[in-house]
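# A structural walkthrough
One letter stands for each residue in the lines below.
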Amino acid sequence: MSQIQVKDDQGVRIISFNRPEKRNAFNLKMYQQVTEYLIQGEADNDIRTFMLRGEDNCFTSGNDIADFLASGELNDTHPTVQFLHCLLNLKKPIVAAVSGAAVGIGTTMLLHCDLVYADNSAKFQLPFVNLALVPEAASSLLLPLIVGQQKAAELILLAESFNAETACELNIINNVIEQSELDTFVLSQAKKLAAQPPLALQASKKLLRYNQAEVKAQMLAELEVFGERLKSDEAKARFQAFLKR
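Residues numbered from 1 in each chain as written. Predicted model: local features only at pLDDT ≥ 70, side-chain atom pairs only at ≥ 80, totals over all residues. Heavy atoms only, no water.

## Considering the overall build of the protein chain
In terms of helices and strands, the protein chain carries 11 helices and 9 strands. Over its C-alpha atoms the protein chain spans a radius of gyration of 17 Å, differing by no more than 12% from the 18 Å that the globule rule assigns to 245 residues. Overall, the C-alpha framework of the protein chain stretches about 50 × 40 × 35 Å when taken along its three principal axes. A buried classification covers 53% of the 245 residues belonging to the protein chain. Considering only contacts within the protein chain whose residues lie at least 6 apart along the sequence, 73% involve residues at least 24 apart. As displayed, the protein chain has an accessible area near 11,800 Å², and 50% of this comes from carbon and sulfur atoms. (Helix = DSSP H or I, 4+ residues; strand = E, 2+ residues; numbered from the N terminus. Rg over C-alpha atoms; globule rule 2.2 N^0.38 Å. Buried < 20%, exposed > 50% of the residue type's maximum accessible area, 1.4 Å probe, protein only. Contact = heavy atoms within 4.5 Å. Areas by Shrake-Rupley, 256 points an atom, 1.4 Å probe, with all protein chains shown as cover.)

## Describing the sheet that holds strand 9 (residues 175–176)
The strand order across the open sheet built from 6 strands is 1-2-3-4-6-9, with neighbouring strands paired in mixed fashion. The open sheet has two edge strands, strand 1 (4–9) and strand 9, and neither has a second partner. Relative to strand 3 (residues 49–54), strand 2 (residues 12–17) is paired through 6 bridges, and the arrangement is parallel. Each residue of the ladder has a partner; that of Ile 14, found in strand 3, is Met 51. (Pairing = 2+ DSSP bridges.)

## Structural notes on the sheet that holds strand 8 (residues 162–163)
Spatially, 3 strands are ordered 5-7-8 in an open sheet, and the strand pairing comes out mixed. Every other strand in the sheet has two partners, leaving strand 5 (101–103) and strand 8 as the edge strands with one partner each. Inspection of the sheet shows strand 5 paired to strand 7 (residues 123–125) by 3 bridges, in the parallel sense. Among the inter-strand pairings, Ala 102 is bridged to a residue of strand 7, identified as Phe 124.

## Regarding unusual backbone geometry
Located in the positive-phi region is Arg 23, a residue other than glycine, with phi close to 50°. The topology assignment puts Arg 23 in the loop between strand 2 and helix 1 (28–43). Classification of Arg 23 as partly exposed rests on a relative accessible area of 48%. Even without being a glycine, Asn 57 presents a positive backbone phi close to 55°. By the secondary structure assignment, Asn 57 is in the loop between strand 3 and helix 2 (65–69).

## Structural notes on helix 9 (residues 198–208)
The complete set of buried residues in helix 9 reads Leu 201, Gln 202 and Lys 205. Viewed end-on, helix 9 has its buried residues packed into an arc of 95°, placing them on one side of the element. Turned more than 90 degrees from where helix 9 packs its buried face, Leu 199, Lys 206 and Leu 207 sit exposed. Summarising the contacts, the buried residues of helix 9 are in contact with strand 4 (94–98) and helix 8 (182–194). (Arc of directions from axis to C-beta.)

## Regarding the packing of aromatic side chains
By the definition in use, this model includes 8 aromatic pairs. Ring centres of Phe 26 and Phe 83 lie 6.3 Å apart, and the angle between their planes is 35°; on these two criteria the pair is classed as tilted. In this pair, Phe 26 sits in the loop between strand 2 and helix 1 while Phe 83 sits in helix 3 (residues 79–89), placing the two residues 57 residues apart along the sequence. Each of the two residues, Phe 26 as well as Phe 83, counts as buried. Relative to Phe 162, the ring of Phe 124 has its centre 5.5 Å away and its plane inclined at 20°; by these criteria the two rings are stacked. Taken together, the positions of Phe 124 in strand 7 and Phe 162 in strand 8 put the pair 38 residues apart, joining distant regions of the chain. Grouping aromatic residues by their ring pairs yields a cluster made of Phe 17, Phe 26, Tyr 31, Phe 59 and Phe 83. (Phe/Tyr/Trp six-rings, centres within 6.5 Å; stacked < 30°, edge-to-face > 60°.)

## Comments concerning the packing of helix 5 (residues 139–147) against helix 6 (residues 149–158)
How two helices pack is summed up by the angle between their axes together with the distance between the axes. Running from amino to carboxyl end, helix 5 crosses helix 6 at an angle of 130°, the nearest separation of the two axes being 7 Å. With respect to each other, helix 5 and helix 6 are oriented oblique. Crossing hand, helix 5 versus helix 6: right-handed. Here helix 5 contributes Ser 139, Ser 140, Leu 143, Pro 144 and Val 147 to the contact with helix 6, which in turn contributes Gln 149, Lys 151, Ala 152, Leu 155 and Ile 156. Looking at the contact of helix 5 with helix 6, its residues break down into 6 nonpolar, 3 polar and 1 charged. (Axes fitted to C-alpha atoms, helices over the stretch in contact; angles between N-to-C directions. Parallel < 35°, antiparallel > 145°, perpendicular 65-115°, else oblique. Left-handed = near helix turned anticlockwise from the far one by under 90°. Nonpolar A, V, L, I, M, F, W, Y, C, P; charged D, E, K, R; others polar.)

As far as function goes, none of this settles anything; it's purely spatial.
Spelled out as structure tokens, the structure:
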């Protein structure tokens, strides 16, 4: 079965992460598939909005570390970089349903979503400094704008996990929903968006995301430092310890 599943429902493209044996950790193929489904949906007039979710009550535990370390330079052809640029450039709204782990990219991708809901099992974490790395997906810019400078520093520099209630209080997510109702509720929200006049919806999203040029510049700056950090002795030692666990 595919590690990325897609289903279209009344104008909503539902993209599900489906690698439960690895807690839905993203490998390069998964990044490629999600990007392709988003680009296809963007070009399809019958698709009005996107919904991201994870199978098996888990959003994603982040990057598959071993796969990522073997993936080469973080340039414009790298699947992870292409996914980040795709998220940044989407004209159509994107909503997310978060259950269980939302680690690394699992948290930072949410900063590019228009609506985000989670259940009480959700655990968010930005573990980059723990791995001797730096934030990505322009989270070093977006997170302070959303939660404030001091709280962003706490989340990024201490790199500790936090729950859905905290994420809601910090405005990282819109609301906390019962686990049994999460997917149904988020799909209903996505369908409400899909029922709106599409060009007005996209124009309004663009106005809300007025600082995309700045976000892209920060994303590129992060990637440059991230690539340098990946090659550092400090990061290599952390990754070796992580992979031995």
